Amino acid sequence: MKTLLITGTSRGIGQALAHRYLDQGYFVVGCSRDIQGAQSFSTKKNYQHFALDLRDPTAVAHFLNSLASQHPSIYGLINNAAISSYNSALFSSLQTTRDILQVNVVSVFQLCQGVARLMYSQKSGRIINFSTVAVPLSLEGVSMYSASKAAVESLTRSLAKEFGPIGITINCVGPTVVDTDLMRQLPKRHVTQLVERQHLKEVATVDDVGNVVDFFLSEKSQMISGQTLYLGGFG
């Protein structure tokens with residue numbers, strides 16, 4: 001049974017992906033800021049949940065040590081967890097900025113590094129990071145979130161060169177607005193404005209995202225690495 005690590009499984013896309021891959025026969029290791037994030041998986045035998053605050057690099061290091069002792073073979077890592085702040089740059093706090101960079105960039109690097117070390121011995125693996133259409137669209141109101149995801153895309157391209165010789169692929173998924181509880185909390189005008197900037201004038205579903213992740217995760221995708229695929233259509 002292949003093991004997948006998915007971050008941010010307490011809700012939204014991360015939770016949907018965890019259920020998707022459990023249904024496909026994977027063993028899924030998930031995490032969220034507290035143990036309550038495991039509630040929707042209470043009936044799933046092949047699911048293990050960790051309480052992990054990605055803002056704490058020491059906690060991430062301890063988690064990776066636990067992962068290595070319990071799951072020495074990892075097929076895939078999906079770095080889904082992220083935080084954002086919808087606010088004018090003029091009124092954004094430095095603490096919020098630090099949190100965004102720690103969760104969205106530093107912890108992603110830590111997890112890529114730690115899991116790639118586990119994958120090294122098997123000379124194969126799939127790593128999938130999450131970006132956003134806020135990067136190519138340079139969306140206003142989310143400047144640091146957009147900057148952090150641009151860093152993830154750059155990191156992905158660089159790591160693809162380092163990890164390629166040992167059989168590990170690493171790619172990015174860039175969702176547009178996705179129909180989740182989080183999206184429903186956004187002002188409707190923001191959602192409408194973003195959808196209107198796409199070639200495909202509709203909100204994406206978690207299945208749309210899952211289809212892209214399936215593609216990058218597939219054993220048949222061994223020749224695809226260092227790529228970012230955006231949903232919605234732009235350019």
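Residues numbered from 1 in each chain as written. Predicted model: local features only at pLDDT ≥ 70, side-chain atom pairs only at ≥ 80, totals over all residues. Heavy atoms only, no water.

Caption draft 1: A look at the packing of aromatic side chains. As enumerated under the stated definition, the model contains five aromatic pairs in all. Seen in terms of ring centroids, Phe215 and Phe216 are 5.6 Å apart; in terms of plane orientation they differ by 45 degrees. Their pairing is tilted. The exposure class assigned to Phe216 is buried, which follows from its relative accessible area of 3%. Three or more aromatic residues link up through ring pairs in this structure, and these residues are Tyr21, Tyr26 and Tyr75. The cationic tip of Lys2 hangs over the ring face of Tyr75; the distance from NZ or CZ to the ring centre is 4.3 Å. Over the ring of Tyr120 we find Lys123; its NZ or CZ atom is 4.0 Å from the centre of that ring. (Phe/Tyr/Trp six-rings, centres within 6.5 Å; stacked < 30°, edge-to-face > 60°. Buried < 20%, exposed > 50% of the residue type's maximum accessible area, 1.4 Å probe, protein only. Lys NZ or Arg CZ within 6 Å of the ring centre and 35° of its normal.)

Caption draft 2: Spatial organisation of unusual backbone geometry. A positive phi angle is found at Lys123, which is not glycine, with a value near 55 degrees. Here Lys123 shows up in the loop between α3 (94-120) and β5 (125-130). Not every positive phi belongs to a glycine, and Ser138 is a case in point at roughly 50 degrees. Residue class for Ser138 comes out exposed when judged on its relative accessible area of 54%. (Helix = DSSP H or I, 4+ residues; strand = E, 2+ residues; numbered from the N terminus.)

Caption draft 3: Spatial organisation of the pairing of β5. Across the six residues of β5, six count as buried, placing the element largely inside the fold. A two-sided burial pattern is seen for β5, the buried positions comprising Gly125, Ile127 and Asn129 on one face and Arg126, Ile128 and Phe130 on the other. Crossover handedness for the path strand β4 (residues 76-79) to α3 to β5: right-handed. One ladder, built from six bridges, connects β5 with strand β6 (residues 168-174); its direction is parallel. Along β6, the bridge assignment pairs Ile127 with Ile170. (Right-handed = clockwise from strand over helix to strand, strands pointing away. Pairing = 2+ DSSP bridges.)

Caption draft 4: How the structure looks around the sheet that holds β4. Taken together, seven strands build an open sheet; the order of strands is β3-β2-β1-β4-β5-β6-β7 and the sheet is parallel. Both edges of this open sheet fall to β3 (47-51) and β7 (228-230), since each of them pairs with a single strand only. If you compare each strand with its neighbour and ignore which way they point, the axes differ by 15 degrees on average. Pairing analysis gives three bridges linking β6 to β7, with the strands arranged parallel. Residue pairing in the sheet places Gly174 in a bridge with Tyr230 of β7. Across the face of the sheet, helix α2 (residues 57-70) comes into contact with β1 (3-7), β2 (27-32) and β3 while running at roughly 155 degrees to β3. In the packing of helix α5 (residues 143-163) onto the sheet, contacts are made with β5, β6 and β7, and the angle to β6 comes to roughly 160 degrees. (Axes fitted to C-alpha atoms, helices over the stretch in contact; angles between N-to-C directions. Contact = heavy atoms within 4.5 Å.)

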